[in-house]
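Working through the structure, step by step
One letter stands for each residue in the lines below.
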Protein chains: 2
Amino acid sequence: MVIPAYVFDRLLEISLLLHADMARAFAGTGLTASRTHLLWELHRLGPSTQQALASALKVTPRNVTGLVDALESHGYVERHPHPTDRRAVQVTLTDRGSRTMAAMESDREQAAAELVAGLTEQEVDEFGRILTSVADRLRRLVEAAADETEEKT
Amino acid sequence: MVIPAYVFDRLLEISLLLHADMARAFAGTGLTASRTHLLWELHRLGPSTQQALASALKVTPRNVTGLVDALESHGYVERHPHPTDRRAVQVTLTDRGSRTMAAMESDREQAAAELVAGLTEQEVDEFGRILTSVADRLRRLVEAAADETEEKT
DNA sequence: TATTGTTATACTCTATAACTATA
DNA sequence: TATAGTTATAGAGTATAACAATA
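The rules we used
- Residues numbered from 1 in each chain as written.
- Chains lettered and ligands numbered in written order.
- Predicted model: local features only at pLDDT ≥ 70, side-chain atom pairs only at ≥ 80, totals over all residues.
- Heavy atoms only, no water.
- Least-squares fit on C-alpha atoms with pLDDT ≥ 70 in both.
- Contact = heavy atoms within 4.5 Å.
- Near = heavy atom within 4 Å.
- Polar contact = N/O pair within 3.5 Å; in protein donor to acceptor, adjacent residues only side chain to side chain.
- Helix = DSSP H or I, 4+ residues; strand = E, 2+ residues; numbered from the N terminus.
- Nonpolar A, V, L, I, M, F, W, Y, C, P; charged D, E, K, R; others polar.
- Salt bridge = Lys/Arg side-chain N within 4 Å of Asp/Glu carboxyl O.
- Buried < 20%, exposed > 50% of the residue type's maximum accessible area, 1.4 Å probe, protein only.
- Patch = residues over 30% accessible without salt bridge, like charges linked within 9 Å, V, L, I, M, F, W, Y side chains within 5 Å.
- Areas by Shrake-Rupley, 256 points an atom, 1.4 Å probe, with all protein chains shown as cover.
- Lys, Arg positive; Asp, Glu negative; His and termini not counted.
- Charge placed at Lys NZ, Arg CZ, Asp CG, Glu CD.
- Axes fitted to C-alpha atoms, helices over the stretch in contact; angles between N-to-C directions.
- Parallel < 35°, antiparallel > 145°, perpendicular 65-115°, else oblique.
- Buried area = accessible area lost by both parts, 1.4 Å probe.
- Core = buried A, V, L, I, M, F, W, Y, C linked by side-chain atoms within 4.5 Å.

Note on the copies: chain B fits chain A at an RMSD of 0.1 Å, the axial shift is 0.0 Å, and the rotation between them is 180°. As the rotation angle and translation indicate, the two copies are arranged about a two-fold axis. When C-alpha positions in chain B are compared against the rotation axis, the closest is assigned to Phe 127 of chain B, at 2.9 Å. The share of interface residues of chain B whose copies in chain A are also at the interface is 100%, consistent with both copies meeting through the same surface.

Shown next as structure tokens:
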């Protein structure tokens with residue numbers, strides 16, 4: 001039993017469609033996929049240091065500096081002194097940032113509903129269950145491959 | 001009925017895992033995700049002009065120039081004069097390029113088998129069917145959003 | 001006139017390395 | 001000595017605009 005090729009084609013198509021739609025939706029807003037990902041983590045975590053954001057996004061601290069610079073200049077986030085650690089910066093959402101995330105959350109829910117309109121609850125559950133199983137196996141495969149690469153080093 | 005949040009989390013996780021694995025697998029090969037995508041299309045389409053590749057990849061011709069430059073310098077593709085149109089270039093896979101794609105194809109099949117090990121044929125079929133349905137609806141949503149944006153312009 | 005591919009220019013994301021201020 | 005964030009530098013992907021050769 002193998003994942004049929006058409007499933008890969010659909011996944012690739014979904015990825016390209018989402019990319020195109022983001023480019024369209026972000027035009028003129030000062031947002032990009034990476035910047036929005038940072039906003040999303042900030043929304044989830046609450047006020048955070050740039051180190052915490054770097055871990056959450058799995059990118060370097062230097063990279064976070066650039067993303068926060070861009071988001072700050074467009075008014076989505078603010079840098080504040082950290083209350084207890086004078087080395088660190090605390091990044092917070094501004095009102096604009098909070099409103100943007102709230103709007104995105106409700107857009108996402110609406111889109112999520114439209115995508116599965118016509119499917120039964122059982123079908124959606126089954127889909128989620130298989131997706132989770134595939135993600136679990138993929139995680140193990142990727143970790144095994146990474147370990148193997150490391151051993152060679 | 002709405003797609004549950006954990007399904008989005010799994011999809012995001014899969015996307016991040018694949019990205020990390022590609023970065024690892026491509027180290028030292030001169031390949032990247034974008035360059036591999038071009039090789040894949042070339043493998044699928046056969047010898048192609050850069051215009052054809054730009055359409056297939058949905059990027060600008062200028063972008064293809066850069067990708068083909070990089071792939072050529074690493075020996076994966078070659079530029080040849082087009083047999084009938086002296087303006088155009090025909091891009092072909094080299095032996096190295098063909099061998100690389102063949103290896104990737106078999107790797108992909110093996111990984112695809114491991115990801116669904118433990119699932120029944122019926123479950124995989126069901127998964128593919130729902131994925132197709134979701135992709136169809138997503139395509140329509142994205143097109144509708146794009147049309148709406150265009151009307152405002 | 002239209003098309004193919006290139007040069008010129010610019011923006012974004014990402015990484016490593018060196019450095020400053022602080023813990 | 002270790003950590004948080006910055007400056008410096010570099011590579012990769014992407015885009016628009018102007019241009020030369022050819023159709």
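Turning our attention to the protein's contact with DNA strand D. Taken together, 21 residues surround DNA strand D, and among them Gln 51, Thr 65, Arg 87 and Val 89 of chain A together with Thr 32 of chain B come closest. In this structure, a phosphate oxygen belonging to DNA strand D sits 3.0 Å away from a main-chain N or O atom of Thr 60 of chain B. Backbone polar atom of Arg 86 of chain B to a phosphate oxygen of DNA strand D: 2.8 Å apart, as the coordinates give it. The set of elements that each furnish at least two residues to the surface near DNA strand D consists of α3 (50–57) and α4 (61–73) of chain A together with α2 (33–45) and α4 (61–73) of chain B. Here the surface near DNA strand D gets 3 residues from one element, more than from any other, and that element is α4 of chain B. Within the surface near DNA strand D, the residues separate by chemical class into 4 nonpolar, 9 polar and 8 charged.

Another aspect to go through is the protein's contact with DNA strand C. The local shell around DNA strand C holds 21 residues, among which Thr 32 of chain A together with Gln 51, Thr 65, Arg 87 and Val 89 of chain B are the closest. The separation between a phosphate oxygen of DNA strand C and a polar main-chain atom of Gln 51 of chain B is 2.7 Å. Examining the composition of the surface near DNA strand C, we find that 3 residues originate from one element, α4 of chain A, more than from any other. Looking at the surface near DNA strand C residue by residue, the class counts come to 4 nonpolar, 9 polar and 8 charged.

As enumerated under the stated definition, the model contains 20 salt bridges over all chains in all. Of the charged contacts, one joins Glu 72 of chain A and Arg 79 of chain A as a salt bridge, the two residues approaching to 2.7 Å between their closest N and O atoms. Residue classification places Glu 72 of chain A among the partly exposed positions, given a relative accessible area of 32%. Through salt bridges with shared partners, a single ionic network connects Arg 10 and Glu 13 of chain A together with Asp 136 and Arg 139 of chain B.

As a further point, take a negative patch on the surface. On the surface, a cluster of negative charge is contributed by Glu 143, Asp 147, Glu 148, Glu 150 and Glu 151 of chain A. Structurally, Glu 148 of chain A is set in helix α6 (residues 121–152).

Before going further, it helps to spend a moment on the environment of Thr 120 of chain A. Secondary-structure assignment places Thr 120 of chain A in the loop between α5 (95–115) and α6. Put simply, Thr 120 of chain A and Ser 106 of chain A are 14 residues apart on the chain and 22 Å apart in space, counted from C-alpha to C-alpha.

Residues and elements named next belong to chain B. Axis separation between α2 and helix α5 (residues 95–115) bottoms out at 11 Å; the angle between their running directions is 95°. Looking at the two axes, α2 sits roughly perpendicular to α5. Of the residues in α5, those in contact with Thr 36, Leu 39, Trp 40 and His 43 of α2 are Met 101, Met 104, Glu 105 and Arg 108. For the contact of α2 with α5, the class distribution of residues is 4 nonpolar, 2 polar and 2 charged.

Now for the side chain of Glu 41 of chain A. All names here are of chain A. Residue placement: Glu 41 occurs in helix α2 (residues 33–45). By relative accessible area, Glu 41 is classed as buried at 7%. Those residues within four positions of Glu 41 in sequence are excluded, and the remaining contacts are Gly 46, Leu 53, Ala 56 and Leu 57.

Looking now at the interface of chain B and chain A. In this complex, chain B contributes 50 residues to the contact, which on the side of chain A involves 51 residues. For the chain B and chain A pair, buried surface summed over both sides reaches about 5200 Å², with 75% attributable to carbon and sulfur atoms. For the chain B face of the interface with chain A, the top three residues by lost area are Met 1, Leu 115 and Phe 127 of chain B, together amounting to 14%. In this assembly, chain B and chain A are joined by 4 salt bridges. For Glu 123 of chain A, the salt bridge is made with Arg 129 of chain B, and the minimal N-O distance between the two is 2.5 Å. Between the two partners, chain B and chain A, sit 6 residue pairs in polar contact (both at pLDDT 80 or more).

Ile 3, Phe 127 and Leu 138 of chain A together with Ile 3, Phe 127 and Leu 138 of chain B are the most contacted members of the largest nonpolar core, which totals 32 residues. When contributions to this core are tallied by element, the ones reaching two or more residues are α1 (5–26), α5 and α6 of chain A together with α1 (5–26), α5 and α6 (121–152) of chain B. In this view, Phe 127 of chain A contacts Val 7, Phe 127, Ile 130 and Leu 131 of chain B; residues no more than four positions away in its chain are not counted.

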